[in-house]
Amino acid sequence: MSDLSGKTTIVVGASRGLGHGIATAFAEAGSRVVAVSRTAAPIADPAGSTVPELADAGDPTVAGSLLDRYRPEVVVLAAGASPHMRPLQHQTWETFSVNWQTDVRIAFHWLREALLTPLRPGSRVIVVSSGAAMAGSPLSGGYAGAKATQRFITGYAQDEAKRAGLDITFSAVLPRITPVTELGRSAARAYAARDGRSEEEYLKQMGPLLTPEIAGSAMVELVRMEATAVAPGYLLTGAGLKKLP
């Protein structure tokens, strides 16, 4: 899929943060982009081929409906809820489980429908999880566990695709925390305060800053890879993609 011209990409969570950068990158690469979000947001699109879809990606009917309507070759799931940044004892079950009810629900519905539809041969599905799936996140309730589950079920979907003889490639991408997103700013502020450091000191240890533009370029790069070279999971930092074991 080195040439994205004439291809359709659905980006779920396209209105902000990394999702917005990903939608913009695919549009600039020549793909028709279906930008799914709860709120509208302008996307740089020189060809004018971006189609906004205002929808709740966690609604069990939305994934199937949009996949049937647009028949995409690429699906990127970047939507999710911002966790409540508090220590465990200051969480309620409702705040603790918000990412299970949102992020995992979205991934479940879309992965399920990608297999049931199914997507056309050669299609790619990328689930944007989080580096917290590996490192943990003690100030964000069930966030890290929810993100780890997203990674797990992406692997399950790949196994089911192989068992059914479907030529669909599924990958999970785990971005490192970045202050350029609303979620990242909140997390950086909370963890810096917990460690008794400034936000600048805390972020300095994280290495090169991950931006929406870098995330977008990385997703386009991943989709352009030969399917046989694609790994089940990647860490995404300001330096780009790194295969996970």
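The coordinates are above.
Overview of the structure. This structure is a prediction, so every number in the text was calculated from the model and none was measured. Each chain carries its own residue numbering, running from 1 in the direction its sequence is written. Local features are withheld for residues below a pLDDT of 70 in this predicted model, meaning they are given only at 70 or higher, and side-chain atom pairs are given and counted only at 80 or more; totals for whole chains, interfaces and linings count all residues. Only hydrogens and water are removed before side-chain values are computed, so all heavy atoms of the structure are retained for them.

1. Some details on the overall build of the protein chain
Secondary structure elements are taken from DSSP: a helix is a run of H or I of four residues or more, a strand is a run of E of two residues or more, and numbering for both begins at the N terminus. When you go through the protein chain residue by residue, the secondary structure sums to nine helices and eight strands. To get the radius of gyration, use the C-alpha atoms; to get the globule rule, take the number of residues to the power 0.38 and multiply by 2.2 Å. Over its C-alpha atoms the protein chain spans a radius of gyration of 17 Å, differing by no more than 12% from the 18 Å that the globule rule assigns to 245 residues. Dimensions of the protein chain, computed from the C-alpha atoms along their principal axes, are close to 50 × 35 × 35 Å. Note on definitions: a residue-residue contact is assigned when non-hydrogen atoms from the two residues lie within 4.5 Å. By sequence separation, contacts in the protein chain at least 24 residues apart represent 66% of the contacts at least 6 residues apart. Per-residue accessibility takes into account occlusion by the displayed protein chains alone, with areas from the Shrake-Rupley method and a 1.4 Å probe. For the protein chain, the exposed surface amounts to about 11300 Å²; the carbon and sulfur share of it is 54%. Put simply, the protein chain has 24 plus and 22 minus side-chain charges, and the middle of one group is 4 Å from the middle of the other. His is not counted here, nor are the chain ends, while Lys and Arg score as positive and Asp and Glu score as negative. For charged residues, the charge sits on one atom: NZ in Lys, CZ in Arg, CG in Asp, CD in Glu.

2. Points about the sheet that holds strand β5 (residues 123–128)
Only strands that DSSP links by at least two bridges are regarded as paired with each other. Strands sit in the order β3-β2-β1-β4-β5-β6-β7-β8 across an open sheet of eight strands; the sheet is mixed. Edge positions in the sheet fall to β3 (50–54) and β8 (240–243), since each of these pairs with one other strand and no more. Between one strand and the next, the sheet's axes are offset by a mean angle of 20 degrees, whatever the strand orientation. All axes here are fitted lines through C-alpha atoms, helices being fitted over the stretch that makes contact, and every angle between N-to-C directions spans 0 to 180 degrees. Contacts between helix α1 (residues 17–28) and the sheet are confined to β1 (8–12), β2 (32–37), β3, β4 (74–77), β5 and β6 (168–175), with β1 contributing the most and set at about 170 degrees to the helix. The strands touched by helix α4 (residues 98–116) are β1, β4, β5 and β6; relative to β6, the strand with the most contacts, the crossing angle is about 160 degrees.

3. Points about the side chain of Lys-147
Among the structural elements, Lys-147 can be located in helix α6 (residues 143–163). The cut-offs for exposure are 20% and 50% of the maximum accessible area for each residue type, with area from a 1.4 Å probe on protein chains only; residues under the lower value are buried, those over the upper are exposed, and the others partly exposed. Judged by relative accessible area, which is 4%, Lys-147 ranks as buried. Nitrogen and oxygen atoms within 3.5 Å of one another constitute a polar contact, given that in protein one can donate a hydrogen and the other can accept it, and given that sequence-neighbouring residues count only through two side-chain atoms. There is a polar contact of 2.8 Å between the side chain of Lys-147 and the side chain of Asp-103. Those residues within four positions of Lys-147 in sequence are excluded, and the remaining contacts are Asp-103, Val-128, Ser-129, Ser-130 and Ala-133.

4. Focus on helix α7 (residues 182–195)
Expected helix span is computed as 1.5 Å times (number of residues minus one). Over its 14 residues, α7 extends 20 Å from the first C-alpha to the last, a length consistent with the 20 Å expected when each residue adds 1.5 Å. Three or more residues of α7 are buried, namely Gly-184, Ala-187, Ala-188, Ala-190, Tyr-191 and Ala-192. Its buried side turned inward, α7 meets α8 (199–204). Phi for Gly-196, located one or two positions after α7, is positive at around 70 degrees.

5. Examining the nonpolar core
Counting 29 residues, the largest nonpolar core has Ile-22, Phe-26, Val-76 and Met-219 as the members making the most contacts within it. Taken together, the elements giving at least two residues each to this core come down to α1, β2, β4, β5, α9 (212–224) and β7 (233–237). In this structure, Met-219 is in contact with Ile-22, Phe-26, Ile-126, Val-173, Leu-236 and Leu-241, ignoring residues within four places of it in sequence. Ranked by size, the runner-up nonpolar core spans 27 residues in total, among them Ile-106, Val-125, Val-127 and Ala-157. For the purposes of this section, nonpolar cores are sets of buried Ala, Val, Leu, Ile, Met, Phe, Trp, Tyr and Cys residues that join through side-chain atoms within 4.5 Å.

6. Focus: empty space enclosed by the protein
Using protein atoms alone on a 1 Å grid, points that fit a 1.4 Å probe yet trap it form a cavity, whereas open point sets bounded by protein on both sides within 12 Å along at least five of seven lines form a pocket; residues with an atom within 4 Å of a point count as lining. Grid points are joined across faces, edges and corners, and a volume is the space filled by probe spheres set on the points. Within this structure, the stated rule accounts for one cavity of 30 Å³ or more. For the largest cavity, the calculated volume is near 40 Å³. Forming the boundary of the largest cavity are Arg-124, Val-125, Ile-126, Thr-169, Ser-171, Leu-222, Val-223 and Val-230. Every element with two or more residues in the lining of the largest cavity is listed here: β5, β6 and α9. If one sorts the elements of the lining of the largest cavity by residue count, β5 sits on top with three residues.

7. A closer look at the pairing of β1
Burial within β1 is extensive, with five of its five residues counted as buried. Because side chains alternate across β1, one face comprises the buried residues Thr-8, Ile-10 and Val-12, and the other comprises Thr-9 and Val-11, equally buried. Bridge analysis of β1 against β2 gives five bridges, and the strand direction is parallel. For Val-12, the partnering residue across the bridge sits in β2 and is Val-36. Handedness rule for crossovers: strands pointing away from the viewer, path from the first strand over the helix to the second running clockwise, crossover right-handed. Between β1 and its parallel partner β2, the chain crosses via α1, and the hand of that crossover is right-handed. Pairing of β1 with β4 involves four bridges; the strand directions are parallel. The partner of Thr-9 across the bridge, within β4, is Val-74.

That's the geometry; what it means functionally is another story.
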